[in-house]
Amino acid sequence: MPTDPAVVVDGLVMRYGDKVAVDGLSLGVEPHTITAVLGPNGAGKTTTLETCEGYRRPQQGSVRVLGLDPVRDRRRLLPRIGVMLQGGGAWGGVRAVEMLRHVSRLHAHPVPVELLVERLGLADCGRTTYRRLSGGQQQRLGLAMAIVGRPELVFVDEPTAGLDPAVRRDVWELLEELRTDGVTVVLTTHYMDEAERLADRVHILDKGTLVASGSPLELTRGGSVATIRLVVTEPFPPESPASLAVTLGPGTEVTQLDPVSLLVTGPADASTLAKVSRWCEDNRVLPESLTLGQRNLEDVFLELTTSAAPLPVHGATP
Ligand SMILES: Nc1ncnc2c1ncn2[C@@H]1O[C@H](COP(=O)(O)OP(=O)(O)OP(=O)(O)O)[C@@H](O)[C@H]1O
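Residues numbered from 1 in each chain as written. Predicted model: local features only at pLDDT ≥ 70, side-chain atom pairs only at ≥ 80, totals over all residues.

- Per an unreviewed UniProt entry, the protein carries the name ABC transporter ATP-binding protein and comes from Nocardioides plantarum.
- The protein has a UniProt comment under Subcellular location (unreviewed entry) that states "Cell membrane". (UniProt positions renumbered as here; feature names shortened; annotations may be inferred.)

This is the structure:
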């Protein structure tokens with residue numbers, strides 16, 4: 001039997017003055033999954049999440065969360081969702097564990113505070129006031145506050161920003177456990193490895209619109225697309241992608257990922273590798289690395305979005 005989506009965003013438009021932050025966005029989130037909302041800075045991720053959380057009213061279009069209107073049905077929705085805001089959401093002068101205890105008392109069946117403190121490595125800083133916690137500790141406390149009430153759905157905005165690699169992995173495991181327990185997780189992240197590892201489904205936003213949706217495997221075509229990645233020491237001249245594409249001939253596509261990186265998709269074999277190397281020599285370009293690999297989520301993201309305008313530039317041959 002088909003289940004109702006946990007979140008439905010339909011034709012959402014959000015503006016700040018003249019600035020259109022979300023531009024007719026429609027997307028869905030399946031229950032009991034981890035969904036990652038990706039996009040470059042300013043793509044509209046936080047605005048969309050804040051609208052789903054009921055902090056902003058849709059200016060056009062609609063949003064439903066667990067079948068409810070996040071603004072009109074706020075009282076019914078709040079006990080069922082958890083929210084981890086970018087930038088904490090705790091009072092500066094309150095001690096970490098006190099803050100968590102306070103939030104836990106707002107819920108009928110909270111997770112024991114000691115368990116979360118232990119699990120998120122907050123024991124050492126439990127008596128420290130929020131404003132004196134390190135950025136990583138504030139992040140972890142924010143996550144603890146979001147999940148202490150055993151929500152059905154949790155929104156987490158950049159949950160591992162600024163965390164060290166070991167704590168990042170702990171947070172990943174925790175989010176995976178939440179999914180195993182049937183919780184729906186919606187997260188934003190700038191880390192493509194995080195999305196690739198955690199997400200069942202990825203929505204990529206750019207300039208307030210949806211540019212791609214799918215599982216990481218679907219978006220990368222199962223890693224079956226061979227690539228050659230050329231990284232150079234000095235930024236490429238603007239004509240480089242087109243020039244390299246002409247050199248490589250039909251069947252290859254050249255995409256500029258950032259000022260010093262080009263991605264070649266197509267037949268990634270010894271002959272193509274030799275041609276790329278010769279092109280570098282002919283164009284007096286010094287490679288820092290030239291590697292064969294598979295197209296990953298970061299490649300797809302950089303191809304589809306405009307984070308470092310005017311990139312990406314495509315130089316495709318017919
Ligand atoms: N309170 C605000 N007032 C005016 N403009 C805003 C406000 N909040 C966001 N914006 C603008 O709206 C656009 C979308 O911002 P938003 O924070 O939703 O993007 P984002 O994808 O979450 O970005 P980031 O990855 O940097 O957090 C940006 O251009 C931003 O400058």
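Structure shown, so let's carry the discussion forward.
**A short note on the overall build of the protein**
Thought 1: From N to C terminus, the protein includes eleven helices and 14 strands.
Thought 2: Each principal axis of the C-alpha atoms in the protein carries an extent, and together these give about 70 × 45 × 45 Å.
Thought 3: Among the 318 residues that make up the protein, the fraction classed as buried is 40%.
Thought 4: Sequence separation of 24 or more characterises 70% of the internal contacts of the protein that already satisfy a separation of 6 or more. (Helix = DSSP H or I, 4+ residues; strand = E, 2+ residues; numbered from the N terminus. Buried ≥ 20, exposed ≤ 12 C-beta atoms within 10 Å, placed from the backbone. Contact = placed C-beta atoms within 7 Å.)

**Remarks on the site of the ligand**
Thought 1: Tyr 16, Lys 19, Ala 21, Gly 39, Asn 41, Gly 42, Ala 43, Gly 44, Lys 45, Thr 46 and Thr 47 make up every residue found near the ligand.
Thought 2: For the shell around the ligand, the secondary structure elements donating two or more residues are β2 (19-29) and α1 (45-52).
Thought 3: Counting residues per element, the shell around the ligand draws most heavily on α1, at three residues.
Thought 4: Classifying every residue of the shell around the ligand by side-chain character gives three nonpolar, six polar and two charged. (Near = placed C-beta within 6 Å. Nonpolar A, V, L, I, M, F, W, Y, C, P; charged D, E, K, R; others polar.)

**Focus on the pairing of strand β10 (residues 226-232)**
Thought 1: With seven bridges joining them, β10 and strand β13 (residues 287-294) adopt antiparallel strand pairing. Bridge pairing in β13 places Leu 230 opposite Leu 290.
Thought 2: Here β10 runs beside strand β12 (residues 261-265); their pairing, made up of five bridges, is antiparallel. Looking at the pairing, Ile 228 lines up with Val 264 of β12. (Pairing = 2+ DSSP bridges.)

**Some words on the environment of Asn 41**
Thought 1: Along the chain, Asn 41 falls in the loop between β3 (34-38) and α1.
Thought 2: Between the C-alpha atom of Asn 41 and that of Pro 287, which follows or precedes it by 246 residues, the distance is 29 Å.

**Comments concerning the pairing of β2**
Thought 1: As defined by bridge partners, strand β1 (residues 7-16) adjoins β2 across eight bridges and the pair is classed as antiparallel. In the sheet register, Val 13 faces β2, and the bridge partner there is Asp 23.
Thought 2: With antiparallel pairing between neighbouring strands as the criterion, β1 and β2 make up a hairpin whose turn holds two residues, including Gly 17 at a positive phi of roughly 60°.

**Some points on the nonpolar core**
Thought 1: Counting residues in hydrophobic clusters, the biggest one holds 78 residues, and the most contacted among them are Ala 36, Ala 96, Leu 100, Ala 144, Val 154, Phe 155 and Val 185.
Thought 2: Here the element with the most residues in this core is helix α5 (residues 135-147); it accounts for six residues.
Thought 3: With residues near it in sequence (within four places) discarded, Leu 100 still touches Val 113, Leu 116, Val 117, Leu 141, Ala 144, Met 145 and Val 148. (Core = buried A, V, L, I, M, F, W, Y, C linked by C-beta atoms within 7 Å.)

**What to know about α5**
Thought 1: For α5, with 13 residues, the first-to-last C-alpha span of 19 Å sits near the 18 Å given by 1.5 Å per residue.
Thought 2: Most of α5 sits inside the fold, with eleven of its 13 residues counted as buried.
Thought 3: Listed in full, the buried residues belonging to α5 are Gln 137, Gln 138, Gln 139, Arg 140, Leu 141, Gly 142, Leu 143, Ala 144, Met 145, Ala 146 and Ile 147.
Thought 4: The secondary structure elements touched by the buried residues of α5 are β5 (81-84), α3 (96-105), α4 (113-119), β6 (153-157) and α6 (165-180). (Expected span 1.5 Å × (residues − 1).)

**What to know about the sheet that holds strand β8 (residues 201-206)**
Thought 1: The mixed open sheet is built from six strands, whose spatial order is β5-β6-β7-β3-β8-β9. Taken across any chain shown, the strands that pair with only one partner, and hence form the sheet edges, are β5 and β9 (209-214). Between one strand and the next, the sheet's axes are offset by a mean angle of 15°, whatever the strand orientation.
Thought 2: Inspection of the sheet shows β3 paired to β8 by four bridges, in the parallel sense. Among the inter-strand pairings, Ala 36 is bridged to a residue of β8, identified as Val 202.
Thought 3: In the packing of α1 onto the sheet, contacts are made with β3, β6, β7 (184-188) and β8, and the angle to β6 comes to roughly 150°.
Thought 4: This element, helix α11 (residues 297-304), spans β3, β8 and β9 of the sheet and lies at about 30° to β8. (Axes fitted to C-alpha atoms, helices over the stretch in contact; angles between N-to-C directions.)

**Concerning unusual backbone geometry**
Glycine aside, residues mostly have negative phi angles, and peptide bonds mostly take the trans form.
Thought 1: Phi at Glu 158 is positive, roughly 50°, even though this residue is not glycine.
Thought 2: Relative to the elements of secondary structure, Glu 158 occurs in the loop between β6 and α6.
Thought 3: When the 21 C-beta atoms within 10 Å are taken as the criterion, Glu 158 is described as buried.
Thought 4: Phi is positive for Lys 207, close to 50°, though the residue is something other than glycine.
Thought 5: Summarising the element assignment, Lys 207 is placed in the loop between β8 and β9.
Thought 6: C-beta crowding within 10 Å serves as the criterion here: with 16 such atoms nearby, Lys 207 is assigned to the partly exposed category.

**Focus on the sheet that holds strand β4 (residues 60-65)**
Thought 1: Ordered in space as β2-β1-β4, the three strands form an open sheet in which the pairing is antiparallel. A single partner strand is all that each edge strand has here, and the edge strands are β2 and β4. Mean inter-strand twist for the sheet, computed between neighbouring axes without regard to direction, equals 25°.
Thought 2: Strands in contact with α1 are β1, β2 and β4; relative to β1, the strand with the most contacts, it is inclined by about 120°.

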